[in-house]
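If you want the building blocks of each chain, they are given just below.
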Amino acid sequence: MKCRADLTTMRTSLVRALSFSAALALVLNPALTPVVAADYRPVAPAAADGQMNARFLSLGVGKSIVIDLPRDIKDVLVADPKIANAVVRSAQRAYIIGASVGQTNIVFFDSAGQQIAAYDIAVKRDLNGVRAALKQVLPNSDIQIDGLGEGVVLTGSVASPMEAQQANELAARLAGGADKVVNSIVVRGRDQVMLKVTVAEVQRSIVKQLGIDLSANLNYGTSVVSFTNSNPFTALGHNLVDGNSLTTKFGATPSVQATLRAMETAGVIRTLAEPNLTAISGESATFIAGGEFPVPAGYACDPTTHVCTTQISFKKFGISLNFTPVVLTEGKISLRVMTEVSELSNENAITLSQAVTSTSVNSVTVPSIRTRRAETSLEIPSGGAMAMAGLIQQQTKQAISGLPGLMQLPVLGTLFRSRDFVNNATELVVIVTPYVVRAAAPKDLSRPDDGFAAPADPQAGLIGNINRIYGVPGRTEPARNYRGTYGFITD
């Protein structure tokens with residue numbers, strides 16, 4: 001019994017000693033003091049960038065916003081005060097002010113060092129004035145404008161390309177330059193424009209050539225005197241009357257020969273081209289109807305065989321039309337037009353000769369190109385016509401050649417001179433007519449082969465027709481009578 005009592009006494013002493021040691025340790029080390037519920041503050045989980053639920057806030061330059069916080073503010077962290085700054089006027093209210101264009105962040109802390117709130121600040125241009133101007137100038141458009149760094153971005157939709165251009169110019173003026181505007185405006189229901197161009201030209205030419213060539217042989221004993229008077233035609237550049245002459249001889253031994261050369265020509269050239277082309281407003285379109293002709297570009301010789309071959313290049317000619325339409329307002333069209341009509345001509349043709357062997361020569365005649373071209377920008381209402389280019393040209397050439405002294409005689413001087421007269425008159429006009437068009441049903445359109453009918457064998461063999469008379473467009477051809485089995489075969 002005594003031993004059991006001693007053991008109980010020892011346990012009691014040990015428990016008292018341990019309790020005293022624990023109490024002494026807690027007094028000496030305050031960090032080990034247990035946290036009570038009243039002092040507990042929950043800590044929000046940190047975001048990926050180390051900030052607690054950072055909110056995005058957009059400000060204009062020189063604009064401010066009021067922030068109300070749930071707890072008292074003890075400290076404020078501003079990453080870049082040059083972009084935005086925070087001013088604390090009361091314990092739970094702060095003012096954020098935008099200073100310059102850029103991005104920064106602001107974090108608020110309480111007295112315990114805990115984060116109260118965080119804001120990602122984006123300071124942009126103040127675009128309220130631009131929005132008001134766009135709304136006033138283009139009331140029927142749906143345009144949004146947002147800041148992007150030092151520039152702005154235009155989005156939304158407008159009714160015509162002209163409105164999109166006006167919005168771009170207005171934003172460029174208020175933003176400080178066209179390079180600071182990104183135009184992403186979509187045009188609703190883009191119009192289509194058909195351009196009809198008429199190139200009409202009439203050219204008249206008159207050439208008159210008249211001359212007398214004299215030649216004489218006079219014998220005086222053993223002396224022989226020869227006289228020759230041949231007058232060229234220099235106004236046109238070449239002689240038209242080589243095959244149209246009248247020769248008369250006078251006398252036997254002293255002979256005189258007179259050759260009369262006379263020619264008169266009159267020519268008329270009529271040129272008409274009407275290219276039509278359709279394009280979307282704001283887009284370019286090109287129409288070409290013509291071809292290419294070969295032109296010698298030089299010679300290439302083989303150094304081993306010493307054989308030379310002619311290099312060929314091709315030049316284009318024909319009818320071409322290139323235009324860019326922009327529908328400005330209802331029924332008004334801005335055009336950038338370039339049209340050209342070119343054709344081959346022998347007026348300024350050249351002949352190139354190449355010696356193949358010592359006895360043979362190859363000659364190549366290269367024609368020239370006669371071109372009428374016009375390029376300009378203009379504004380025309382839909383359905384209106386305008387002469388975009390025109391030319392009236394009158395050219396007269398006259399040359400008299402003859403023997404000096406004798407050619408000035410009143411009557412006999414005609415025998416010793418030639419007269420060359422050339423008169424060219426050209427009248428050219430280029431007319432453009434734009435139309436705002438829409439798609440039509442196929443039955444409402446006509447084709448060049450409407451009504452064309454190939455001839456039957458009796459008509460071609462007996463009458464010599466190559467086609468029957470054109471029918472009336474839209475009229476149904478009478479049904480032909482077929483003999484034999486025809487139609488579809490079904491199994």
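The shown structure was predicted, so the numbers you read here are calculated from the model rather than taken from an experiment.

### Looking at the overall build of the protein chain
- Summing up its helical and strand segments, the protein chain has four helices and 22 strands in all.
- The proportion of buried residues among the 491 residues of the protein chain is 27%.
- For the protein chain, restricting intrachain contacts to residue pairs at least 6 apart in sequence, the fraction spanning at least 24 positions comes to 63%.
- By element, 55% of the accessible surface of the protein chain is carried by carbon and sulfur atoms, the whole surface being about 32,800 Å².

### Quick word on the sheet that holds strand E5 (residues 93-98)
- Taken in spatial order, the three strands of this open sheet run E2-E5-E4, and their pairing is antiparallel. Of all the strands in the sheet, just strand E2 (64-68) and strand E4 (84-90) have a single pairing partner and so form its edges. Taken over all neighbouring pairs, the strand axes of this sheet differ in orientation by 25 degrees on average, direction set aside.
- One ladder, built from five bridges, connects E2 with E5; its direction is antiparallel. Of the residues in E5, the one forming a bridge with Ile67 is Ala94.

### Looking at the nonpolar core
- Ranked by size, the top nonpolar core spans 22 residues in total, and within it Leu195, Phe323, Leu335, Val337 and Val432 carry the most contacts.
- Breaking this core down by element, the ones donating at least two residues are strand E12 (192-220), strand E16 (276-280), strand E18 (308-329), strand E19 (332-355), strand E20 (361-381) and strand E22 (417-437).
- Those residues in contact with Leu335 that lie beyond four places of it in its chain are Leu195, Phe323, Thr324, Pro325, Thr376, Ser377, Leu378, Ile380 and Pro434.

Criteria and cut-off values
- Residues numbered from 1 in each chain as written.
- Predicted model: local features only at pLDDT ≥ 70, side-chain atom pairs only at ≥ 80, totals over all residues.
- Heavy atoms only, no water.
- Helix = DSSP H or I, 4+ residues; strand = E, 2+ residues; numbered from the N terminus.
- Buried < 20%, exposed > 50% of the residue type's maximum accessible area, 1.4 Å probe, protein only.
- Contact = heavy atoms within 4.5 Å.
- Areas by Shrake-Rupley, 256 points an atom, 1.4 Å probe, with all protein chains shown as cover.
- Pairing = 2+ DSSP bridges.
- Axes fitted to C-alpha atoms, helices over the stretch in contact; angles between N-to-C directions.
- Core = buried A, V, L, I, M, F, W, Y, C linked by side-chain atoms within 4.5 Å.

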